[in-house]
Amino acid sequence: MEKIGLNDLRRMFLEFYQGKDHYVRKSYSLIPENDKSLLIINSGMAPLKPYFAGLATPPSKRMTTCQKCIRTGDIENVGHTARHATFFEMLGSFSFGDYFKVESLTWGWEFITKVLKMPEDRLWASVYEEDKEAYDIWKNIVGLPEERIVLLGKEDNFWEIGTGPCGPCSEIYFDRGEMYGCGKPDCKPGCDCDRYVEFWNHVFTQFNRDEEGNYTPLAHPNIDTGMGLERLACIMQDVDSIFNVDTIQYILKGVADLAGIPYQNGEAKTDVSIRIITDHIRSVTFMIADGILPSNEGRGYVLRRLLRRAARHGKLLGIKGSFLAGLSDKVVEVSGSAYPELQ
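Quick notes on the rules
Along each chain, residues carry numbers from 1 onward, in the same order as the chain's sequence is written. It should be noted that, the model being predicted, local features are given only for residues of pLDDT at least 70 and side-chain atom pairs only at 80 or more, the latter also being counted only at that level, while totals for whole chains, interfaces and linings use all residues. For the side-chain quantities, the full set of heavy atoms in the structure was used; hydrogens and water were omitted. In this description a helix means any DSSP run of H or I spanning at least four residues, a strand means any run of E spanning at least two, and both kinds are numbered starting from the N terminus. When accessible area is computed with a 1.4 Å probe and restricted to protein chains, residues below 20% of their type maximum are described as buried, those above 50% as exposed, and intermediate ones as partly exposed. Contacts are assigned to residue pairs with any non-hydrogen atoms lying within 4.5 Å of each other. Using the Shrake-Rupley algorithm and a 1.4 Å probe, accessible areas are obtained, with residue cover drawn only from the displayed protein chains. Charged residues are defined narrowly, with Lys and Arg counted positive, Asp and Glu counted negative, and His plus the chain ends left uncounted. To locate a charge, take NZ of a lysine, CZ of an arginine, CG of an aspartate or CD of a glutamate. Working definition of a nonpolar core: buried Ala, Val, Leu, Ile, Met, Phe, Trp, Tyr and Cys residues. They are joined through side-chain atoms within 4.5 Å. Here the aromatic set is Phe, Tyr and Trp, taking the six-membered ring for Trp, and pairing holds for ring centres within 6.5 Å; pairs whose planes are under 30 degrees apart are stacked, those over 60 apart are edge-to-face, and all others are tilted. Counting as a charge over the ring demands two things of the Lys NZ or Arg CZ atom: a distance within 6 Å of the ring centre and an angle within 35 degrees of the ring normal. In this description, a line fitted to the C-alpha atoms serves as the axis of each element, helices being fitted only across the stretch in contact, and the angle between N-to-C directions of two axes falls anywhere from 0 to 180 degrees. Left-handed is the label given to a crossing in which the near helix is rotated counterclockwise from the far helix by less than a right angle, and right-handed is the label when the rotation is clockwise. Here a salt bridge means any side-chain nitrogen of Lys or Arg lying within 4 Å of a carboxyl oxygen belonging to Asp or Glu. Between N or O atoms, a polar contact is any pair within 3.5 Å; within protein, one atom must be a potential hydrogen donor and the other a potential acceptor, and residues adjacent in sequence are included only when both atoms are from side chains. Angle categories are assigned with fixed cut-offs, so that under 35 degrees is roughly parallel, over 145 is roughly antiparallel, 65 to 115 is roughly perpendicular, and the rest are oblique. Think of it as three bins: nonpolar holds Ala, Val, Leu, Ile, Met, Phe, Trp, Tyr, Cys and Pro, charged holds Asp, Glu, Lys and Arg, and polar takes everything else, Gly as well.

(A) View of the overall build of the protein chain. Counting its regular elements, the protein chain contains 10 helices and 9 strands. For the protein chain, the C-alpha atoms occupy an extent of roughly 60 × 50 × 40 Å along the three principal directions. Counting all 343 residues of the protein chain, 52% fall into the buried class. Residue pairs in contact within the protein chain that sit at least 24 positions apart in sequence constitute 68% of those at least 6 positions apart. Accessible surface, the protein chain as shown: approximately 16,200 Å² in total, 47% of it carbon and sulfur. Positive and negative charge centroids in the protein chain, built from 40 and 48 side chains respectively, lie 6 Å apart.

Following this line, the structure appears as C-alpha cells:
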C-alpha cells in the first residue's frame, strides 16, 4: 500500500467525488451560521443541517467537503493518547434526496480500493442488524465475503439524536493485523481491542422519529458519510499515532526543536507536553483565522483555554518567552494551500 500524504489524501477524496458529480464546497467556518445549538463546528455534517432538515436548498443535491472541526470534550486526554485531538478535518460525501445506499457504499469501496489501493482482504464492514438492504449490497454488489460483514445493534450502527431524521449506518474498518488484537478467536469489528480501526461511516438517513418513538420513512432519504482525515492518514502512512502523520509531525518537530528536547514517540515524559502544544497550536491557528478571539465566554473562552494550556506546557518544557505565534507559522506552511484563510 502506497504511503500518501495528508494533503494529497484530502485532494484525492474531493476530486473523486467531484468526478461523481458532487459539488465541492470549501470548508465552512468554525463559527456556526444561524445555529444557536452549537458553540463551534464539531462535525462534517453540522453546517449542512439546514439542508438535511429541508429548511434550506443546497447548492447541489450532491455535495462533498473537507470540514474543519473542533471538539474539546476529551481535552484532558489530548497528548496522553495516540488519537485524541481538539482539531481535526472530516471528509464527507452527501446526498440530499438524490442517490442512496448502493451508490454510497459502492463509490466508497471504489475510492478506498481503486484510488487509495487499500488491500481488500484487510477491509471489513459493519451494518445495522436489521438493515438487510445494506448487508445485501456489501455481499452481492460489492462482493465482500460474508465473514467480513459484521451485524451490530442499534448502539453501534444506528444514528439518531433525539427526534427528527435518523437511520442505520454502515462503517468500514481496516484490519491492522493480529499484533494489535486481543488474541480471542472471535475478534472482529466491535471488539474493544486496537486491531480493527473504524475509519468511514456511511449514514443512511431514511426515517423520521417522533416524540412517541415511532419511525416514519422519509419521502426523500439522505446520505451523510464522514471519514476523519487524520485517521485515514494513519492507515495510509502505516503509523500508530496521529502525531506521526506527515503534516502533524512537521508541526511537532517545530515544537521539539524550539524546546531543544527530542521527541521520543511517547517514551518520554516531555512527549505529552510536545503533543499538547502541537495539537493546540493547530486548533488556535484555525480558530483565529476564522475570526475567533480570546474572551471570557463562549467560543472565545474555548480559544483562551487552549492558548493558556499550550503556553503552560511550553513553560513545562522550558521554552522562554512568548512562542505560540511563531509556531502558528508551521500550521500555515502545511495547511495554507488547502485553507487560504490561514495565509
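(B) Seen up close, the nonpolar core. Ranked by internal contacts, the top residues of the largest apolar core, which has 79 residues, are Ile112, Leu116, Met118, Trp138 and Phe199. Take this core: its biggest share by element is 7 residues, from helix H1 (residues 6-18). Leaving out residues up to four positions away in the same chain, Ile112 has contacts with Lys117, Met118, Leu123, Ile172, Phe199 and Trp200. Judged by nonpolar contacts, the second largest core, of 8 residues, contains Met45, Leu48, Tyr51 and Phe94.

(C) Molecular detail of the packing of aromatic side chains. According to the stated counting rule, one finds 18 aromatic pairs in the structure shown. Each ring, one from Phe207 and one from Tyr215, has its centre 6.2 Å from the other, and the planes form 75°; the classification is edge-to-face. Its relative accessible area of 28% is what places Tyr215 among the partly exposed residues. Between the NZ or CZ atom of Lys154 and the centre of the ring of Phe158, over which it lies, the distance is 5.1 Å. Here the basic side chain of Arg275 rests over the ring of Phe243, its NZ or CZ set 6.0 Å away from the ring centre.

(D) Layout of the packing of helix H8 (residues 270-289) against helix H9 (residues 298-316). Between H8 and H9, the least distance of the axes is 9 Å, while the angle of their chain directions is 145°. Both H8 and H9 take part in a crossing whose hand is left-handed. Contact with H8, carried on its side by Ser273, Ile276, Ile277, His280, Ser283, Val284, Met287 and Ile288, involves Arg299, Val302, Leu303, Leu306, Leu307, Arg309, Ala310, His313, Gly314 and Leu316 of H9 and no other residues of that element.

(E) Looking closely at the side chain of Arg148. Topologically, Arg148 is positioned in the loop between helix H4 (132-142) and strand S5 (149-152). The side chain of Arg148 is buried and forms no salt bridge, while Glu147, the nearest opposite charge, is found at 5.4 Å. Among the polar contacts listed, one links the side chain of Arg148 to the backbone oxygen of Glu120, at a separation of 2.8 Å. Discounting residues that sit within four places of it in the chain, Arg148 has contacts with Glu120, Asp121, Leu123, Trp124 and Ala125.

(F) Seen up close, the packing of H1 against helix H6 (residues 229-236). Where H1 contacts H6, the axes come no closer than 10 Å and their chain directions differ by 115°. Classed by the angle they form, the pair H1 and H6 counts as roughly perpendicular. Of the two possible hands of crossing, H1 and H6 adopt the one that is right-handed. Taking contact as the criterion, the partners of Leu6, Leu9 and Arg10 in H1 are, on H6, Leu229, Glu230, Leu232, Ala233 and Met236. Looking at the contact of H1 with H6 residue by residue, the class counts come to 6 nonpolar, no polar and 2 charged.

Without other data, these values stay purely geometric and don't point to any function.
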